[in-house]
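Tertiary structure, described
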Amino acid sequence: MRVLKILILLLLVATIVVFGGFHYWQKQLDAPIALDETTVYEVPPGAAFTQVVHDLESRGIIEAAWPYRILARVAPKATQGIRAGEFEIEPGMNGRQLIAHLSSDQVVTYRLTVPEGWTFKQMRRLLDQAPKLEHRTSEMSDEEIMTALGHEGTHPEGQFFPDTYRYHKGVADLELLQRAFDRMQQTLNTVWNERDDDLPIDSPYQALILASLIERETGVPAERKEIAGVFTRRLEKGMRLQTDPTVIYGMGDSYVGNITRADLQRQTAYNTYVIEGLPPTPIAMPGRGALEAAVHPADGDTLYFVAKGDGSHQFSRTLQEHNAAVRRYILNRD
């Protein structure tokens, strides 16, 4: 009888110890992590769960690693989802929430904004300066980039959609370029399939070229279709487009901020004061508004426009009206 009592007592003590230990373990997992402010924590690629919790312990983010090692044994599924990347850890999280967060897809993301009207050269410079990207293209030529994207022989200008792109640490610049390229092709094809009848352009690529001229000519959205109308009527009549942005693009690095009369007469592949029709490639990255304007030009009879100095333009039907507008807005003469 005495032995039985001792066994019962030992069992009771063991039960209390196990229950107390389990309760203490649970309490450790439910305890708030030791952070006073939001912190970005990075899980390295290929890091094991035990490696991560030991690192969290060494940084003082969690009090001890042992509760998490036990968790990995008793509930392996709860600890096998740790993923690589940067995570924002918030004060007040407990251990369970921390592990769940490090297993989620809520990695820290960054924004890269490519403005409408930028050139591919400007986009490349932006990518080279973007933080946290894997920079694979810095030493590549434009031709090598297009080959890497699977489009060998394609001229890159205008082929990438201007927008804001999100990425996380370690994403390659080529991946962002691929996303922007695919977005432009999808948008261009959609817009082309909805085009007006009887346009003087024969392909989506010509629409892309025309849209790039529209994009560079005006920053006023309401003017895009009217400028498209002028260009469309000029193409139909066989008139040269005579648009300054093509002169600037053709000048390349020699452009220093102003255009001279000699520049307007300079023979380049892009100078629409001397060439017939459209330039051979786009001169910038047009947004959707410019693409839609290119295939839905405004009706009318205007053939000329001149910048008014406030971002908008004065449109004219005749050369006489246009010259008067030039005197007023460019030469400052009434």
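Residues numbered from 1 in each chain as written. Predicted model: local features only at pLDDT ≥ 70, side-chain atom pairs only at ≥ 80, totals over all residues. Heavy atoms only, no water.

**Some points on helix 13 (residues 319-329)**
Basically, it comes down to this: Remark: exposure states derive from per-residue accessible area (1.4 Å probe, protein chains only) relative to the maximum for the residue type, with buried under 20%, exposed over 50%, and partly exposed in between. Strands are runs of DSSP state E lasting at least two residues, helices are runs of H or I lasting at least four, and both sets are numbered from the N terminus onward. Regarding the arc, it is the one traced by the directions from the helix axis to the C-beta atoms.
Residues of helix 13 that are buried include every one of H322, A325 and Y329, and no others. Burial along helix 13 is one-sided: seen end-on, the buried residues are contained in an arc of 60°.

**Notes on the pattern of salt bridges**
Rule in force here: Counted as salt bridges are all cases of a side-chain nitrogen of Lys or Arg within 4 Å of a carboxyl oxygen of Asp or Glu.
All told, the structure shown has 13 salt bridges when counted by the stated rule. As a salt-bridge pair, K121 and D253 come within 2.8 Å of each other at their nearest N and O atoms. In this pair, K121 sits in helix 5 (residues 120-129) while D253 sits in the loop between helix 10 (244-251) and helix 11 (261-265), placing the two residues 132 residues apart along the sequence. What makes K121 partly exposed here is its relative accessible area of 47%. Between D163 and R183 there is a salt bridge whose closest N-O contact spans 2.5 Å.

**Observations concerning the nonpolar core**
The test is simple: Take the buried residues of types Ala, Val, Leu, Ile, Met, Phe, Trp, Tyr and Cys, join any two whose side-chain atoms come within 4.5 Å, and each joined set is a nonpolar core. Contact definition: two residues touch when any of their heavy atoms are within 4.5 Å.
Membership of the largest hydrophobic core comes to 53 residues, with the highest contact counts inside it found for M123, F160, L177 and I214. Counting only elements with at least two residues in this core, the list comes to strand 3 (109-113), helix 5, helix 6 (142-148), strand 4 (164-168), helix 7 (173-193), helix 8 (204-217), helix 9 (224-237) and helix 12 (288-295). When sequence neighbours within four positions are dropped, the list of residues in contact with M123 reads V114, W118, F160, L177, A180 and M285. Core analysis: the second largest hydrophobic core is formed by 23 residues, F49, V52, I62 and F87 among them.

**Looking at the side chain of S316**
Summarising the element assignment, S316 is placed in strand 6 (residues 313-316). A relative accessible area of 2% means that S316 is categorised as buried.

**Considerations on a negative patch on the surface**
Rule in force here: Put simply, a patch holds well-exposed residues, over 30% relative accessible area, that have no salt bridge, with like charges counted together within 9 Å and Val, Leu, Ile, Met, Phe, Trp or Tyr side chains within 5 Å. Note on areas: Shrake-Rupley, 1.4 Å probe, and residue coverage restricted to the protein chains presented here. His is not counted, nor are the chain ends, whereas Lys and Arg count as positive and Asp and Glu as negative. Charge coordinates come from a single atom per side chain, which is NZ of Lys, CZ of Arg, CG of Asp or CD of Glu.
On the surface, a cluster of negative charge is contributed by D196, D197, D198, E236 and D299. As for its position among the elements, E236 is in helix 9.

**Overview of the pairing of strand 6**
The cut-off we apply is this: If DSSP finds at least two bridges between two strands, the strands pair.
Both strand 5 (residues 304-307) and strand 6 contribute to a ladder of 4 bridges, which runs antiparallel. Residue F305 lies in a different strand from strand 6, and its bridge partner there is F315. Turn length for the strand 5-strand 6 hairpin, with the two strands adjacent in sequence and antiparallel, is 5 residues, and the turn residue G309 shows positive phi of about 95°.

**Quick notes on the packing of helix 8 against helix 9**
Condition: Each axis is a line fitted through C-alpha atoms, and for a helix only the stretch in contact is used; angles between axes span 0 to 180 degrees, taken between their N-to-C directions. Any angle that falls under 35 degrees is termed roughly parallel, while one over 145 is termed roughly antiparallel, one within 65 to 115 roughly perpendicular, and all others oblique. Left-handed is the label given to a crossing in which the near helix is rotated counterclockwise from the far helix by less than a right angle, and right-handed is the label when the rotation is clockwise.
Where helix 8 meets helix 9, the closest approach of the two axes is 10 Å, and the angle between their N-to-C directions is 125°. Classified by the angle between their axes, helix 8 and helix 9 sit oblique to one another. Crossing geometry of helix 8 relative to helix 9 is assigned as right-handed. Contact residues: L210, L213, I214, E215 and E217 in helix 8; R224, I227, A228 and F231 in helix 9.

**Some remarks on the environment of L235**
The residue L235 is located in helix 9 in this model. Note: C-alpha distance between L235 and P204 (31 residues apart in sequence) is 16 Å. Ignoring sequence-local partners within four residues, the contact set of L235 consists of P200, I201, L241, G277 and L278.

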